[in-house]
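An overview of the molecular structure
Chain by chain, the residues:
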Amino acid sequence: MTTNPYAGSPFGYAAEPTVGPYSIVELMPGVRNLLDYAGVAAGERVLLLMEHTVDPVVVQAVAAAAALRDADVRILSVPPFSAGGWDRQASLRIETAAFHEADVVISGTWWGEVHTAPLFFDQIKSRTARWLSLHMTATAGALMTGGRLPAEVFYALLRRALRQLSPARTIRMTSGGGTDVTFSGLTFDPDPGAMRPGDWRPFPYGGANFWPDDTEGVIVIEDSTVTGVPEEPVTLTLEGNQVRKIEGGVAAEHLRRYAPEGYYMRHALLGLNPKVRVSGGTQFEREKHAGSFYCGIDGLTGGMPVTTGPGFAHCDCQFDRPTVLVDGELFIEKGRLLMLDDPEIRQVAERFGPPEMILDDNPVMVLPRRHTGAARTA
């Protein structure tokens, strides 16, 4: 049986623990960073699109903080979204109408907008709203860990990473489970800066996202959207950026059934946030941890990759302790993001507190609130 000490993620917010009312105090540093990141200002129409099962304390924390900024806050509680277009015929007219009237959308969904056509990225980009997604992270745990990292520190990490990654020809990722896969023809998301109309961003902020033209090698699934942690190894063989073979037991059959036409490699992400949880975190939370790696395979449409809309069979594969080589140079070593030791990054972190504390990638050690916000003046 394949084992992963960091897995055991719940299937949705209904399976997540809730917290006591007074915990709202400890959520506020993360919520403040969330609203700063979204640029929420007085008078803006802010829509909180929250699944019925999200912890009410989390909803209250975000709503109260936005109201304190004199934003016009609306809370829309919606049924949980299904993964990968499983329920693609569901009506989202109410959600869509509300989204079209908002200046800022803060969504607390599990599978969420990236798995649905009416709220997919192309629809977000066509509107003027700024969309901040708590994708599997509308939890107290996420806000108290990854949400506490000052945004300036994340941007410093992202800029430093993109300087090395953007001109790279290849990225090779290996894992202790037997994965050995190489990506080439790389296109990276640029440093986004402040949110603009039509932007979609995840929170907590977390990584460097890229799209490959070609992927070659073998992926041995440790944890994925479709399989969870498989009971026996599931191996994907990739050639020409497509999955040519799926081998394994019951979980492999589940993966074939999820996308009967097959898969291609849509995108991947290298985690950069040292405060994001690993142990106890959801899949889309763990992907953002500094030193993690995940890749998303998407269903073929008519036997072809279609990148302009949702694949309706998106499956993310998570690796918590990978080794990553960028053009042959070590970038991540067994889950340790090497740039955390870079003097340039430590200098930025020092503005908020001891860099050995700000950049420590043991997220069990929660960042004290006095080091989560305004930079120190002395």
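See above for the structure.
Here goes a summary of the coordinates provided. What you are looking at is a predicted structure, and each value in this text was computed from that prediction instead of being measured. Numbering of residues starts from 1 in each chain and follows the order in which that chain's sequence is written. It should be noted that, the model being predicted, local features are given only for residues of pLDDT at least 70 and side-chain atom pairs only at 80 or more, the latter also being counted only at that level, while totals for whole chains, interfaces and linings use all residues. Values shown for side chains rest on all heavy atoms present in the structure; no hydrogens or waters enter the calculation.

Moving on, we get to helix α1 (residues 24-38). Under the 1.5 Å per step criterion, the end-to-end length of α1 is 20 Å for 15 residues, consistent within 8% with the ideal 21 Å. Exposure is judged per residue with a 1.4 Å probe applied to protein chains only, and the accessible area is read against the type maximum: over 50% gives exposed, under 20% gives buried, and values in between give partly exposed. Starting at the N terminus, helices and strands are each numbered in turn, a helix being any DSSP run of H or I of at least four residues and a strand any DSSP run of E of at least two. Taken together, the buried positions of α1 are occupied by Leu 27, Pro 29, Gly 30, Val 31, Asn 33, Leu 34, Leu 35, Tyr 37 and Ala 38. Where α1 is buried, its residues touch α2 (56-68), β3 (104-108), β4 (130-133), α5 (140-144), α6 (151-165) and β7 (200-202). Trailing α1 by a residue or two, Gly 39 shows a phi angle of about 70°, which is positive. The span expected for a helix works out to 1.5 Å for each residue beyond the first. When checking whether two residues touch, look at their non-hydrogen atoms; a contact exists if any pair is within 4.5 Å.

Two elements in contact, α1 and α2, have axes whose closest approach is 9 Å; the angle formed by their N-to-C orientations is 55°. With respect to α2, the element α1 is oriented oblique. Remark: the crossing between α1 and α2 carries right-handed chirality. Contact residues: α1 offers Ile 24, Leu 27, Met 28, Val 31 and Leu 35, while α2 offers Val 57, Val 58, Gln 60, Ala 61, Val 62, Ala 65 and Ala 66. Convention adopted: a line fitted to C-alpha atoms gives each axis, helices being fitted over their contacting stretch, and angles between N-to-C directions are expressed from 0 to 180 degrees. An angle below 35 degrees is read as roughly parallel, one above 145 as roughly antiparallel, one from 65 to 115 as roughly perpendicular, and any other as oblique. Crossing handedness: left-handed means the near helix sits turned counterclockwise from the far one by under a right angle, and right-handed means the same turn made clockwise.

Our next topic: the packing of aromatic side chains. Only Phe, Tyr and Trp rings take part, Trp by its six-membered ring, and two of them pair if their centres are within 6.5 Å. Stacked means planes under 30 degrees apart, edge-to-face means over 60, and tilted covers everything else. Overall, the coordinates contain 16 aromatic pairs when judged by the stated rule. Both rings, one in Tyr 37 and one in Phe 203, keep their centres 6.3 Å apart while their planes meet at 45°; by these two values the pair is tilted. A residue pair is termed long-range when its members are at least 10 positions apart, and Tyr 37 in helix α1 and Phe 203 in the loop between β7 and β8 (207-220) qualify at 166 residues. Take Phe 203: its relative accessible area is 0%, and that puts it in the buried class.

Next up on the list: the pairing of strand β9 (residues 235-239). Where burial is concerned, most of β9 is hidden: four out of the five residues are buried. When DSSP locates at least two bridges between a pair of strands, those strands are taken to pair. Summarising the sheet, β8 and β9 pair through four bridges and their orientation is antiparallel. Residue pairing across strands places Gly 217 opposite Leu 238, the latter belonging to β9. Here β9 runs beside strand β10 (residues 242-247); their pairing, made up of five bridges, is antiparallel. Bridged to Thr 235 within β10 is Glu 247. Counted along the chain from β9 to the antiparallel partner β10, the turn is two residues long, and its residue Gly 240 has a positive phi close to 60°.

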